[in-house]
Each structure stands twice: as C-alpha cells, then as structure tokens.
Amino acid sequence: MSSEAQTWIALGVVGITIALMVLGRWRRKRNGRTGCDCPVKKDGFR
Amino acid sequence: MSGAEGQTATESAESIHPNGPVYAFVGNPNSGKTTLFNGLTGMRQKVGNYPGVTVEKKVGQFYSQHGRPIQVIDLPGAYSLVARSPDEAILRDVLLGRRADMERPDRVVCVVDASNLERNLYLVTQVLELGLPTIVVLNMMDQVKGKGLSLDREALEDWLRVPVLACQANTGEGLLALRVTMSRAVMDRPRSPWELPDKIRPAVDEIAAALEGLPGQERLTGRAEAVLMLSEQEHVRVTGSRHVGDESLDLTRAWEATWESEGFDWRGEIVASRYEAIAGTCAHVLRREEEKGKTVSDRIDAVVVHPIWGWFTLGAIMVILFFSIFTFAEYPMNFIDTMVAQVGEAVTGMMPPGDLRSLIVDGAISGVGGVIIFLPQILILFFFTGLLESSGYMARAAFIMDRVMSRVGLNGKSFIPLLSSFACAIPGVMATRTIEDPKDRLVTILVAPLMSCAARMPVYLLMIAALVPSERVPVWTKIGLMFLLYGLGTGAAFGFAWLFKRFLMRGESSLMIIELPPYRRPSLRNVIMQMLERSFLFLRKAGTIILGLSIILWCLSTYPKAPESATSAEAVAQSFSGRIGHVIEPAIAPLGFDWRIGIGLVASFAAREVFVSSIAVVFSVDHGDDENILPLREELLAATWPDGAPLFTPLVCFSLMVFYVFAMQCMSTVVIVKRETNSWRWPLFQIGYMTGTAYLLTLIIYQTGRALGIGL
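Computed from a predicted structure; not experimentally measured. Residue numbering note: each chain is counted from 1, following its sequence as written. Written order determines the labels here, with chains lettered from A and ligands numbered from 1. A pLDDT threshold of at least 70 governs which residues receive local features in this predicted model, and a stricter bar of 80 or more applies before side-chain atom pairs are shown or counted, although totals over entire chains, interfaces and linings include all residues. Side-chain measures were taken over the full set of non-hydrogen atoms in the model, leaving aside hydrogen atoms and water.

Now for the pattern of salt bridges. Residues and elements named next belong to chain B. Here, a salt bridge means any side-chain nitrogen of Lys or Arg that lies within 4 Å of a carboxyl oxygen of Asp or Glu. In this structure the tally under the stated criterion is 17 salt bridges over all chains. With a closest N to O distance of 2.4 Å, Asp-205 and Arg-223 form a salt bridge. Of this pair, Asp-205 sits in helix H7 (residues 201-212) while Arg-223 sits in helix H8 (residues 219-231), and the two are 18 residues apart along the sequence. Categorising residues by exposure relies on relative accessible area from a 1.4 Å probe, with only protein chains included: less than 20% of the type maximum marks a residue as buried, more than 50% marks it as exposed, and the intermediate range marks it as partly exposed. Look at Asp-205 and you get partly exposed, because its relative accessible area is 32%. By relative accessible area, Arg-223 is classed as buried at 4%. Here Arg-596 ties to Asp-594 by a salt bridge, and the two come within 2.8 Å at their closest N and O atoms. Grouping residues by exposure puts Arg-596 and Asp-594 together as buried. The network of salt bridges with common partners includes Arg-92, Asp-93 and Glu-232. Think of it this way: any DSSP run of H or I at least four residues long counts as a helix, any run of E at least two long counts as a strand, and we number them from the N terminus.

Next up on the list: the pairing of strand E5 (residues 69-74) of chain B. Residues and elements named next belong to chain B. For E5, the tally of buried residues reaches five of six residues, placing the bulk of the element in the interior. In terms of strand pairing, strand E2 (residues 22-27) meets E5 through four bridges, oriented parallel. When the sheet's bridge partners are listed, Tyr-23 is paired in E5 with Val-72. Two strands pair if DSSP finds at least two bridges between them.

Moving on to the confidence of the model for chain B. Residues and elements named next belong to chain B. Confidence in the prediction of chain B, expressed as mean pLDDT, is 82, and 90% of residues score 70 or more. A residue's pLDDT is the predictor's confidence in that residue, given on a scale from 0 to 100. Considering each helix and strand of chain B separately, the mean pLDDT is smallest for strand E3 (residues 45-49), with a value of 56, and largest for helix H30 (residues 681-708), with 94. The contact rule is simple, with two residues in contact once any of their heavy atoms fall within 4.5 Å. Between residues 1-7, whose pLDDT stays under 50, and residues either more than four places distant or in other chains, the model counts 21 contacts. In the predicted assembly, ipTM is 0.79 and pTM is 0.65.

On to the pairing of E2 of chain B, then. Among the six residues that make up E2 of chain B, six are buried, leaving the element largely enclosed by the rest of the structure. Of the two faces of E2 of chain B, the one lined by Val-22, Ala-24 and Val-26 of chain B and the one lined by Tyr-23, Phe-25 and Gly-27 of chain B are each fully buried.

All names here are of chain B. In this structure, Ala-639 sits in the loop between helix H27 (632-638) and helix H28 (650-662). In the structure, Ala-639 is positioned 20 residues away from Phe-619 in sequence and 8.2 Å away in space, judged by C-alpha atoms. The contact partners of Ala-639, leaving out residues within four places of it in the chain, are Arg-596, Phe-619, Pro-646, Leu-647 and Phe-648.

The next thing to look at is the packing of aromatic side chains. Residue and element names in this part refer to chain B. Put simply, two rings from Phe, Tyr or Trp (the six-membered ring, in Trp's case) pair if the centres are within 6.5 Å, and we call them stacked under 30 degrees between planes, edge-to-face over 60, tilted for the rest. In the structure shown here, the tally under the stated rule is 23 aromatic pairs over all chains. Centre to centre, the rings of Phe-593 and Phe-659 are 6.1 Å apart; their planes meet at 90°, and the pair counts as edge-to-face. Taken together, the positions of Phe-593 in the loop between helix H24 (576-588) and helix H25 (595-603) and Phe-659 in helix H28 put the pair 66 residues apart, joining distant regions of the chain. This pair shows no difference in class: Phe-593 is buried, exactly as Phe-659 is. An aromatic cluster is built from Phe-322, Phe-422, Tyr-460, Phe-483 and Tyr-486, whose rings are joined through pairwise contacts. Above the face of the Phe-264 ring, Lys-199 is positioned so that its terminal group lies 4.4 Å from the ring centre. The rule for a charge over a ring is simple: NZ of Lys or CZ of Arg within 6 Å of the ring centre, and within 35 degrees of the ring normal.

Spelled out as structure tokens, the structure:
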C-alpha cells in the first residue's frame, strides 16, 4: 500500500469515527441517557 | 381496602403476555431481591435505563418447568409504594401500568426479608391491593433462626392468601420451588388482607371512580392507587409515565383540605391501621423459640462501629483493598502490557510505514491499550466494593462517617451519595435525590465529584508507576500514596462542605436514620456478576469513547504534516494538538507541566481516564516510527524538556495527581449537575471552584517543592 493511500484511508477512518461519535451522542440524547451508563442504585452503590 | 370487596378471582389466560408471563420483582432494599433475580436469570439479563430517567432497568429471562419463557423485571427497592423519589415513582408506575415504554407486568414476586417481617409486610400488603397474582418469597430464613425465632409459613400463607415460599437467595435454596410456582399456568388474583379505615373509604371510592374512567385502568388498581394518592405528601412524577388525571388529583386535594380543617391525620391513620393488621399477624406467625443473647452481628458491631476501633477497622479495610490492587494485579497487568506491545509490533511488522500504520499502532492500540491495562486493578476494586456491599459493612461505614459529616454540617443522608461517588460521581449526584433539604442536597452535589472516582484510578496508577518504580520501592509506599490521594479528596469534600454550609447556604443539618442489616455471607456469584458487569462497561468505554478520542487525538497530533526533514518531536509540535498545547503551555508551565501534558489535560475534560490514553497517543506519535515500542511508563520516564531535563520528575507526577484529585475533569458529571440543579449556574461554579483549587494547590506544591529542592 502506498503512503498516499494510507493517508487517505487514515483520514477516512478519522472521519467515520467523528461521524459515529456525533451520531452516538445524538442517539444517547434522544434516548434520555446521561452520557454515562452507571446504573443508579439509591440504596447501595456501584 | 376491604377484604370483602376484593373477591378472589382467577386471572384469565388472555391477560398473560403471549410470550410467557412477565413477573415484576419487588421488595425492600437489602431484602435479597437482586440476588434472587440473578439466581433465576443468571447471565440472561439486559441492563438499561427507563427512558427519560436514570433509574436502572433490569430485565431477565428464564424458562419454566414446561420450557415456556418467563420474563422477569427487577424493580428498584422501596419500603413502600408511596413514592418520594424518582426510582420509587418508577416502581409505583410500572406496577400500576402507567409507564408508556412498557406494559404492566402480569404477576409479582414480592421478596421479603423474613428477619424483618413486620416492616417488609407493609410493602407486601400494598402490592396485594394492586390485584396482580403475587408470590411472596421469604428470604433470609437463616437469620430468623439466628434470632431465636420460628416463622409459621403456612399461617402467613393463610393470612395473605397467596403462595408463600421460604428461600435462601445467597445459597440458592428454595429457588426450584420458586421456579415451579412461577411456572403455573394460571394463578389466583389476591385479596387485600387489610381493612381500610371507615372514615377514609368514601374518599377512596370517589377517587377510584375518577381513576377508573382512565384507559386501561382496572377496578382493584384504581382503589389501590387512590389509597396511594391519599398517602402521598406530594405527587412525584417521572418522565415517561402517564398522568393520573386532573380530576382524581383535584378530588384528592379536596378530601385532604376537608380532613385538614377537621384536624384528622388521614395519612397517619392509613399507616397505623395497616401496621396494626400486620402486627397482629406477626404476633401469630412469629414465635420465639429460645432467648438469644447478643448475636454474632452485635458482637462484630461492638468493634466495627466503635468510636475508636471503628476507624481502625475502616483504615485496615482500605489498606487491604489498596494492597490487593497493587500486588494481585501486577501479573495480569504485565501480561496485558506485553500483549498490547506484541499486537503493536505485529501490526508494525505486517504493514509498510505510513499514516494508516501510525493510526493503528500509535492511535488505536496505544490509546486503548493504555487504558485496558488497568482492567485487573479495576476488577479488584469492584470485587472488594461488591464484597463490602453484600456483607453489610457499607452501612457500618456510613454509620461511623456520619459523626464526621454532622460536624461539617452535612446531612447524614449525604453519605450514600458521597460513598457512591467513590465509584462514579454521576450515580452519586443522582442519589442526592433522597435528600429532602434543598440546601443540603446542593452542597452534597457540589462536593460529590471531589471523592476519588474509579476514573481517577488509571491516572493515579500511571503516575504512581512513573513516580515509584516497583523494583526499587516497596508496595507500602504506593499504598501510602493512594491513601493520601483518597484522603485528600475526602478531606477536601468535607472541608468545602463545611465552607459552603457556613458561608453560602446556612442551615441545620438533619439526623440520619440508617438500618444496620445483619452481617451476611456475601454471595460470591453475585459479587462476581456485579464485577463483570462493571468491567464490561469499562471495556465498552475503552472500545468506544476512548478509541474514538484516541483516533481523533492521533489525527490532531499528526496533521498538518511537517516537512520530511523534521524530527518526530518537531512534527508533533507543529501539529494541531501541538499548537493547542503550546498555546496553553504558559498557563501550565508554572505547575511543572509541558505542552504534551497540556494536551492530556485538555483531552481529559471529556473524562479523566482519557488523560492516560491521550498521553499514550501523544508520546507514541512523538516517539515516531521507531520499531521498538516501549511500555507507557518507560516512555514517560524517558520524556524530557527541550533542555534535556526529565519531564516526569517525582514532583511533577505528584503535582499531576493532586491536580486530578481536585479538577472537575468530567463532562458527564457537569451535564448531570446541570440537569439536577436545573441551571448552568451551579455546574459552572463547580468547575470554577474545583479547577481553581486544583490549579492553586498544584502551583503551591510544585513551586514549594522546587524552591526546597524536593523531588526534582
């Protein structure tokens, strides 16, 4: 694989990552999640 | 509710969910409900949240004796169906069929701590009024015997008129009988064993009639809900639950106003008459077999909650915890470290040099590997906290800490939120919902993120590893350092609470009433399952957020590209992140931090553990295309300032740890605080005071250390 091809693929991966993170955040917001999946236990702790 | 009115009826086959019956598990906190749930469903569980609220939703499945699937929902623990907090409101709304996101369960399993029968039966009687076929499980029968009592299960069954089973959730005894009973094709609907006071009955009839007009409302449920509405101080609503309707609420207020003018304590009357019926039954069902002196729990408590020995016990437990974290985790950590390095080397060997190889090796593998190496230590931390929780020690720790908390003006109820914050500040902040006084609640929210959470652990551990190489320094030094950091965070939380209560929000602190459950043999299976669940979340975070941020940080540290002739250090320095780092360097240089640490500080605003992965990425990229991949600790030890002086001196490592004790480096917590306080004012204040303190204290430590020539 040429160096140039590697650069383009790497940039593509970075782009997809950013898109997935933005999408994930939007989905979490839509589902009412807090951004942290720690389950809440009022009477104990985790 | 009148026994005569609630007639025994059998559920119809159509009323059961077509995919098999759905059971709701309810019970008091610490009744062993979750242990039983885990025992039945094993790993076949799904954990999520109820939409709109951060209350845990746990759904599991197992198969009946006839091979039919049975769905089980584990609902939040509560002492009563009268809701005062969001999780209690969820319990109430699920049982009443008011949730928009799920159907009403077909049947209920009510788990009872048999050693506290009277208190537990209060919830049972409320559940029976709902008219759903119910199975009552008497858990912890060994403790009944331990107290010198005997429990007549059949007599209780006669009174409640529903199946009553004896069970020992932690050993799995009685699980088969429960499984068989839950497999029944049809079950009788229960009748309430309690008589509603005459004076309250007309009000209940009227409100129930108003509720019955609502879609999907059953007659018996309407009456049960009317009693609950009359018992509430205020109606707690949660997102995603259907509204009870204005007519019924107006009627409730009208009846309450009438009784208030008559001086009639209707709430007290409902509670007292219910307890009277329960007490009468308990006197009949429970029999004292032998006089017992002090129980084993009492004898242990004489030491564990003693004003002086109690503190020694707490200290000893913490020492054992940290000792285990450092010693037992060493081999698996070395193994993961070697594996990560080997994967990196394998990729390097397979691919020609270029950006994609650098992205995989320096971005993804270094970033994620830098964090997952701490998995063994996190596993040990959660194993220990699980053991302490299920053995009953946590309540004792709360008890001895209460003395200190009341001195600084904190509410006794603040303890559980603060304790939760040792794991993560988010459940801690959310747990403050149980504190009724708004000022106390706010102070607790403001100081909760100062408790050292599990996300700080990787930062502490990395810095300790860089600061004190294990070959030269005994493990006790590391334990001492961890103690110091945890103590610093806890001390700061108390100190700031005192300051806030004294100058910002004056008010009396209220008393704490806490139940000290008897010591129990922890269920190893349960502890391990909890530990695995947490570790899965940790790994998922490493595989998603941390991987994503590592890739983005790699991009920022690689582009724009430097000319071919530039060294790798020069290339990073002129990249985007290098430029950002250089912009903030003048502000952090007085703390002993260079621009590369600055990148870590900025990146870890998202979450603290990102510091480790970002440092790993920045230093790996900085290292260039060198085929020889070093462990992160050695990379750090080899890092220097431009003049050749070592970067990570003991003083800098210590300053960084202190910075992370105080700094508010967690976006998720900021968002939650905003949501819980309903304004941006408090989270901004929190960022200001915490990060300000972190900066000032780190500055003082670094500059004093330098002036005195310590740790250079």
